[in-house]
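A closer look at the structure
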Amino acid sequence: MPNRVVVKFRRLPAGVTAGVAAAQFSQLPDELGGFLSRYGVVSFRKVFSDISDHATVRYSSLLKKDIAVPDLYGWSVLETPPSVDVLQFSESLKSESLVEYAGPDYLSTLFETTPNDPDFTQQWHHKNTGQTGGASGADIKATFAWDRTTGSAPVKIAILDTGVSKTHPDLVANRIAGYDYIDNDADPDDTEGHGTHVAGIVAAAGNNATATTGIMWQASLMPVRVCGGAGCPNSAIASGLQYAADNGAKVINLSLGGATDDPILSNAVAYAVGLGVLVVAAAGNDGVETLFYPAAYPSVIAVCATDHNDQLASFSNRGNWITICAPGKDILSTSMAGSTVSMSGTSMACPMVVGAAGLIYSRAPSAAAASVRSLLTSGADSINAQNPTMVGKLGAGRLNVLKAAAIVPDVLGFSVLPNDPYVQNGYAVTAFSVQISSDFAPPQVRVFLADQFDRELGVGNTVTFNVAGQVNVAGSVQIGSLSLNYPMASQVKLRIALDDTVFVTTKTLVTWGFREFDVLPAGGAAAVWNGVFDPAQGGKATLRVTLRNPGHVKIQVFTTEGTLVKTLADEDVAGGIRTWEWSGRNERGESLASGLYLIRIRAPGINETKKTILVN
């Protein structure tokens, strides 16, 4: 911006008001007032309002941990005379002891291209049937997600943009109070049309026989005007971020950005993220891999744009810093004129992700931002096949609202008879029951056995059940002979796989310790648990000896060539159960090479050699 410089003061006296003109500099504390007068500053304005402790205390209490946010107090905007070169002026300020940072008030740009035919009436991004010549199914699956939720009015979504129309019939029901940081008033009406289009993608009222449908049918759209005809001053964006966070926004939409990593912007983003807000930003429209901010900040969800064929839009930025993609080409939404218009840009892709996040919050209002981010990315559809030269540059893939906002099938309850801590060859589970929940089609259920590494064992019963809704599924399992796998199977797990046509999830129902014998032989028995172990992951081989009577126990580890590497026990012990552990080291404490090792166990009635595999 011309005639404006952003400064972060090292020391700013308490009680400095939000804005001061040159005529009032004499009323400021001497150090600050003298500094501003000496440099011929026309006006001085703090970027951020004073921060009370209540916000951080509130979120610390919710998260049950202390949170840290940047110190925003010293950030200010200085207006300079028209003749001043702001770059040179910024450099001169950096030499002052009072100044921590000085730089231009950089302009971010709106990511849009020229709107096309205003009569275009199909929103292919919700459900693509090929109606615009694209590939059927290359969409965000919104119509399926609406079977579960269409949004919730209490969920606040902040739109930091050119404002949002206060008269559009598809937005008035969802629009709440906001602020205008361009004109510094409480009337963030749209002046350019961009913000209204973005807001409609997020939450144009649905099922009201009017214009278009947003991803959320109900929401609280918080308009924060940070862009005008000249662009989007980063100082205004920063103020808007603080405003949105302090006023309860769950998600912030930033369909804007620039190539400059501006510290005032990064501080403001960190502040919002620190207060638990999910920040989503457009990746940019230059068709390059260059970092764009604020999208490129690691704490921000960076969104690139796809077309109706699930191909990366030619204008969209891409790269290893992208989080997720969403439709952004030829997107129909609300217009400033009160009707609809089609626009293209990562500006249009960004609110797709924001709307999906809003649907998640509608179902789980107390969800943490990190959890919502994980649901968005884990539910995305891979589009690598459609973009073979862009692998690794499209983030998690194309947004799938259905998967992001759905509830994964789960086990609500489980019981098993008999309920023993261990099993052995020939063991029978006479009855088990599982209570299951599913958000979608009645899931297929498969019950199977696995070892301690979750590898499926080819023994016992594998049964497929067809169930409906939330039911009790019952069955039984007969464990066959695991001796050939021993000592691999030091544990046996009963696992369940649920497939509801959208998700496939696998869970462990019960974990048993495994022993080869049901009845203890004369003298005693010996076993190796965790027969395959990795010390780097904290793994150890556990030697378990059970003696009927007291006696002398000697346990030694050998290589397959017969070389002794470690003596684990050479002692007299009482009857009962004793255990020893081997961490994969020799007598000198040195790590041994990966491979098969033999463990010889000698005790009264026991003279056995067991196997274990060390993985380094």
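As a starting point, this report considers the structure included with it. Because the structure is predicted, anything quoted here is derived from the model rather than measured.

Another point: the sheet that holds strand β11 (residues 251-254). Taken together, the 7 strands give an open sheet; going across it, the order is β8-β9-β7-β11-β13-β14-β15, and neighbouring strands pair in parallel fashion. Each having just a single partner strand, β8 (179-180) and β15 (324-327) make up the two edges of the open sheet. As judged from the 3 bridges shared by strand β7 (residues 151-161) and β11, these two strands associate in the parallel manner. Its bridge partner lying in β11, A158 is registered against I252. Sheet contacts for helix α6 (residues 234-246): β7, β8, β9 (218-225) and β11; angle to β7, the most-contacted strand, approximately 165°.

Time to look at the pattern of salt bridges. According to the stated counting rule, one finds 24 salt bridges in the structure shown. With a shortest N-O distance of 3.9 Å, D147 and R148 are connected by a salt bridge. Residue classification places D147 among the exposed residues on the basis of a relative accessible area of 60%. D183 serves as the salt-bridge partner of R225, at 3.0 Å between the closest nitrogen and oxygen. Of the two residues, R225 is situated in strand β9 and D183 in the loop between β8 and α5 (194-203); the sequence distance between them amounts to 42 residues. Residue D183 is classed as partly exposed on the basis of its relative accessible area, which comes to 46%. When salt bridges that share partners are traced, they join D310, D381, R398 and K403 into one network.

Before going further, it helps to examine the state of the cysteines. Overall, the coordinates contain 2 disulfides when judged by the stated rule. Covalent S-S linkage joins C227 and C232, the inter-sulfur distance amounting to 2.1 Å. One quick way to see it: the torsion about the S-S bond of C227 and C232 is about 105°, and its sign makes the bridge right-handed. Here C304 is linked by a disulfide to C325, with a sulfur-sulfur distance of 2.1 Å. Linking C304 in strand β14 (residues 301-306) with C325 in strand β15, this pair joins segments that are 21 residues apart in sequence. Residue classification places C304 among the buried positions, given a relative accessible area of 0%. On the accessibility criterion, C325 (0% relative accessible area) is buried. Counting only the cysteines that form disulfides, in the order they appear in the protein, gives the pairing 1-2, 3-4.

Here the focus is the packing of α5 against helix α8 (residues 346-363). Where α5 meets α8, the closest approach of the two axes is 8 Å, and the angle between their N-to-C directions is 35°. α8 is crossed by α5, and the crossing has right-handed handedness. Contacts between α5 and α8 pair H194, H197, V198, I201 and V202 from the former with S347, M348, P351, M352, V354 and G355 from the latter. Looking at the contact of α5 with α8 residue by residue, the classes come out as 7 nonpolar, 4 polar and no charged.

Looking now at the packing of α6 against helix α7 (residues 263-274). Contact pair α6 / α7: the axes reach a minimum separation of 9 Å and the direction vectors enclose 10°. In this view, α6 runs roughly parallel relative to α7, as classed from their interaxial angle. Contacts between α6 and α7 involve N234, S235, I237, A238, L241, Q242, A245 and D246 on the former and, on the latter, I264, L265, A268, V269, Y271 and A272. Here the residues of the contact of α6 with α7 are counted per class, giving 10 nonpolar, 3 polar and 1 charged.

Okay, unusual backbone geometry next. P294 follows Y293 through a cis peptide bond whose omega is 10°. Relative to the elements of secondary structure, P294 occurs in the loop between β13 (278-282) and β14. In the segment running from L417 into P418, the intervening peptide bond is cis, with an omega of -10°. Looking at where P418 falls in the secondary structure, it is placed in the loop between β18 (410-417) and β19 (422-423). Located in the positive-phi region is K141, a residue other than glycine, with phi close to 65°. Inspection of the secondary structure puts K141 in the loop between β6 (107-110) and α4 (142-145). The class of K141 is buried, set by a relative accessible area of 17%. Although it is not a glycine, D330 adopts a positive phi angle of roughly 55°. With respect to the helices and strands, D330 occurs in the loop between β15 and β16 (331-334). Given a relative accessible area of 24%, D330 falls into the partly exposed group.

Calculation rules
- Residues numbered from 1 in each chain as written.
- Predicted model: local features only at pLDDT ≥ 70, side-chain atom pairs only at ≥ 80, totals over all residues.
- Heavy atoms only, no water.
- Pairing = 2+ DSSP bridges.
- Helix = DSSP H or I, 4+ residues; strand = E, 2+ residues; numbered from the N terminus.
- Contact = heavy atoms within 4.5 Å.
- Axes fitted to C-alpha atoms, helices over the stretch in contact; angles between N-to-C directions.
- Salt bridge = Lys/Arg side-chain N within 4 Å of Asp/Glu carboxyl O.
- Buried < 20%, exposed > 50% of the residue type's maximum accessible area, 1.4 Å probe, protein only.
- Disulfide = S-S within 2.5 Å.
- Left-handed = near helix turned anticlockwise from the far one by under 90°.
- Nonpolar A, V, L, I, M, F, W, Y, C, P; charged D, E, K, R; others polar.
- Parallel < 35°, antiparallel > 145°, perpendicular 65-115°, else oblique.

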